[in-house]
Amino acid sequence: MQYETVIGLEVHAGLSTNSKIFCGCSTKFGASPNSQTCPVCLGLPGVLPVLNEAAVEDAIKVALALNCQVSPYSKFDRKNYYYPDLPKNYQISQNYLPVAFKGYLDVPLEKGTKRVGIDNIHLEEDAGKNIHGGGADAGESLVDLNRAGIPLIEIVTQPDMRSLEEVEKFMISLRDILLYLGVCDCCMEEGSLRFEANISLRLEGESRLGNRVEMKNLNSFKMVSKALQHEMRRQGEVLKEGGHIKAETRLWDEEKEVTSTMRSKEEAHDYRYFPEPDLSPLIIKDNWIDRVRKAMPELPRERKLRFSREYKIPEYDAQVLIADKYLADFYEDTVKLFPEAKMVSNWVMGELLRGLKERNINIEECLLPATHFANMLNMIKKGAISGRIAKDVFAEMLDTGKEAEEIVKEKGWSQMSDEDEVSRIADEIIEKNPQSVRDFQGGKEKALGFFIGQVMKVTRGKANPQLVNKLLKEKLGKLK
Amino acid sequence: MKISKDDVKQVARLARLRLTEEEKEKFGKQLNQILAYVEKLNELNIENVEPTSHVVPLTNVLRKDEVKPSLSEEEALANAPERKGKYFKVPKIIE
């Protein structure tokens, strides 16, 4: 019996507004602890929160990009719980009437597209930061409330994803939309993009959902993948042994690479939501939505069309490139310096993506600047290195961040374009292989390929292939 | 709706209140009286009435996205029962 995996995500994105959602404190990351707080975000008695207009506009932008309906009438609620990073003892969120609902995102996959439904998008405030360990001694935790009150949108998907690939591609597509919109810097290390995943298994063909496990503490794309992979296996094993999956919250332990049950005490949710009386309802009329729509920046789908049009590259290339904003930026930066668009896309999709995958890094972590890449492509074009050698040079560039020219000099890899030397090597090989010469004379065109291969082998790929081709044809032609 | 002693215990726990047995009895009784009073509303026909979330007729009270000066760190920490450096200090949360 085969199990089907059912996955839904909850995504928290910290908005890139200048000020917090309900007060004028700065949202800048990395400030001295508790230096960006005021009576409102400290939760002192008698203060009134006032909603930041820019946070609403950002939420509308995301709603439009995710094909959601923007709620004409939405409001805020208090979510009550006690935790030291939440000074008011409630979080202002939108439980009953969120700012947007019912949308979808079409996610490009390796093969085809997957439509992932969006249940709702709501606005809320972030909590502060607790520090355990580090500066905190045993028996104490420290609290920094600079983050308390930073605007968040929470994007809740439908449980539509069925595989790791779909989850991974969804996260990338969503991150790219947020980046393209400029509403979130999506810096996972700083916590501005956070994921929670709900996962359950069911027998293939079954329409009811199995008991779901909610997973927290997923602070990078890789952690989401690893945690889901682990949880798929764990649930599959439990079910195969006839066991029962408990609906619970599990934490991902990055060091041990396992998930474990959160203490039920922490899990016993009873948030006692009620309407936030200090904030007025939010009414969003069509003219406001239209104004936001007109000011929307280029989204991935539009960028893809522009790539096909502007750079005249195949649709497939454009899709691969725009599927990662940073990869697409890298491509455009390179093409600006080296305007052979198709050659650049071949290299990006081939050697670059393969190189990144082998090193298990993404383009932002990569040491290679677009200028170095463009310079290397130029060396190929000018014949300073062969395409074959360029691949080795490129691998070195990825590892060291050095310029191609420097690497070629260090390793003595420059292309052999000296006609006399290549000619001498070609003669030697022709002399050593009389049988292949006869084959060629007998009309076997393939034999030419054999000779070219031999010359390249002897020169360790450094010979200029056009030159080799030309010389061999001349020489073998004369022998006829 | 009848509030049981367990309900009182649960609500008290969520509100971080420590109640004596007598208090649980007493507040349970009072809560039941309050609910019984509110239940009178059930006698009304509210078929065409929108749920009220706010009693003040205001909408879209918004502010521009402008940074205003925050409190100084000293002011922010002034009321903290305990502090360490520039942080609030609390009993350890995670075991």
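See the structure above.
Below you will find a few notes about this structure. As the structure is a computational prediction, the values presented were derived from the model and not from experiment.

Analysis parameters
- Residues numbered from 1 in each chain as written.
- Chains lettered and ligands numbered in written order.
- Predicted model: local features only at pLDDT ≥ 70, side-chain atom pairs only at ≥ 80, totals over all residues.
- Heavy atoms only, no water.
- Helix = DSSP H or I, 4+ residues; strand = E, 2+ residues; numbered from the N terminus.
- Rg over C-alpha atoms; globule rule 2.2 N^0.38 Å.
- Buried < 20%, exposed > 50% of the residue type's maximum accessible area, 1.4 Å probe, protein only.
- Areas by Shrake-Rupley, 256 points an atom, 1.4 Å probe, with all protein chains shown as cover.
- Lys, Arg positive; Asp, Glu negative; His and termini not counted.
- Charge placed at Lys NZ, Arg CZ, Asp CG, Glu CD.
- Disulfide = S-S within 2.5 Å.
- Pairing = 2+ DSSP bridges.
- Contact = heavy atoms within 4.5 Å.
- Buried area = accessible area lost by both parts, 1.4 Å probe.
- Salt bridge = Lys/Arg side-chain N within 4 Å of Asp/Glu carboxyl O.
- Polar contact = N/O pair within 3.5 Å; in protein donor to acceptor, adjacent residues only side chain to side chain.
- Patch = residues over 30% accessible without salt bridge, like charges linked within 9 Å, V, L, I, M, F, W, Y side chains within 5 Å.

Below, the discussion takes up the overall build of chain B. Summing up its helical and strand segments, chain B has three helices and three strands in all. Rg of the C-alpha trace for chain B: 22 Å, well past the compact-globule value of 12 Å for 95 residues, more than 25% over. Taking the principal axes of the C-alpha coordinates as reference, chain B spans close to 55 × 45 × 25 Å. Taking all 95 residues of chain B together, 19% fall into the buried category. Summed over all atoms, the accessible surface of chain B reaches about 8,000 Å², with 56% contributed by carbon and sulfur. If you average the places of the 18 positive and of the 17 negative side-chain charges in chain B, the two averages end up 6 Å apart.

Moving on, we come to the state of the cysteines. In this structure the tally under the stated criterion is zero disulfides over all chains. For A:Cys68, which is in no disulfide, the shortest distance to another cysteine sulfur is to A:Cys184 and amounts to 16 Å.

This next bit is on the pairing of strand S8 (residues 113-125) of chain A. Residues and elements named next belong to chain A. Counting buried residues in S8 gives 10 out of 13 residues, a clear majority hidden from the surface. The pairing of strand S7 (residues 100-108) with S8 spans eight bridges and is classified as antiparallel. The partner of Val107 across the bridge, within S8, is Lys114. Sheet topology places S8 next to strand S11 (residues 151-157); seven bridges connect them, and they run antiparallel. Its bridge partner lying in S11, His122 is registered against Glu154.

Right, let's talk about the interface of chain A and chain B for a bit. In this assembly, 56 residues from chain A lie in contact with 34 residues from chain B. For the pair chain A and chain B, the two sides together bury roughly 3,900 Å², of which 56% comes from carbon and sulfur. Our enumeration of links across chain A and chain B arrives at four salt bridges. Of the charged contacts, one joins B:Lys84 and A:Asp137 as a salt bridge, the two residues approaching to 2.8 Å between their closest N and O atoms.

Residues and elements named next belong to chain A. Tracing the chain through its elements places Arg306 in helix H7 (residues 300-311). For Arg306, a relative accessible area of 16% corresponds to the buried category. Only 2.7 Å separates the side chain of Arg306 from the side chain of Glu298, close enough to count as a polar contact. Excluding residues that lie within four positions of it along the chain, Arg306 makes contacts with Glu298, Tyr311 and Glu332.

All right, on to a negative patch on the surface then. Residue and element names in this part refer to chain A. A cluster of like negative charges, contributed by Asp185, Glu189, Glu190 and Glu365, occupies part of the molecular surface. Mapped onto the elements of the fold, Glu189 is located in the loop between helix H3 (164-181) and strand S12 (193-203). Judged by relative accessible area, which is 73%, Glu189 ranks as exposed.

Another aspect to go through is helix H8 (residues 315-322) of chain A. Residues and elements named next belong to chain A. Counted residue by residue, H8 has six buried out of eight residues, so it is predominantly covered. Within H8 the residues assigned to the buried category are Asp317, Ala318, Gln319, Val320, Leu321 and Ile322. Check the buried side of H8 and you find it contacts S7, H3, H7, helix H9 (325-337) and helix H10 (341-359).

By themselves, these figures tell us nothing about what the structure is for.
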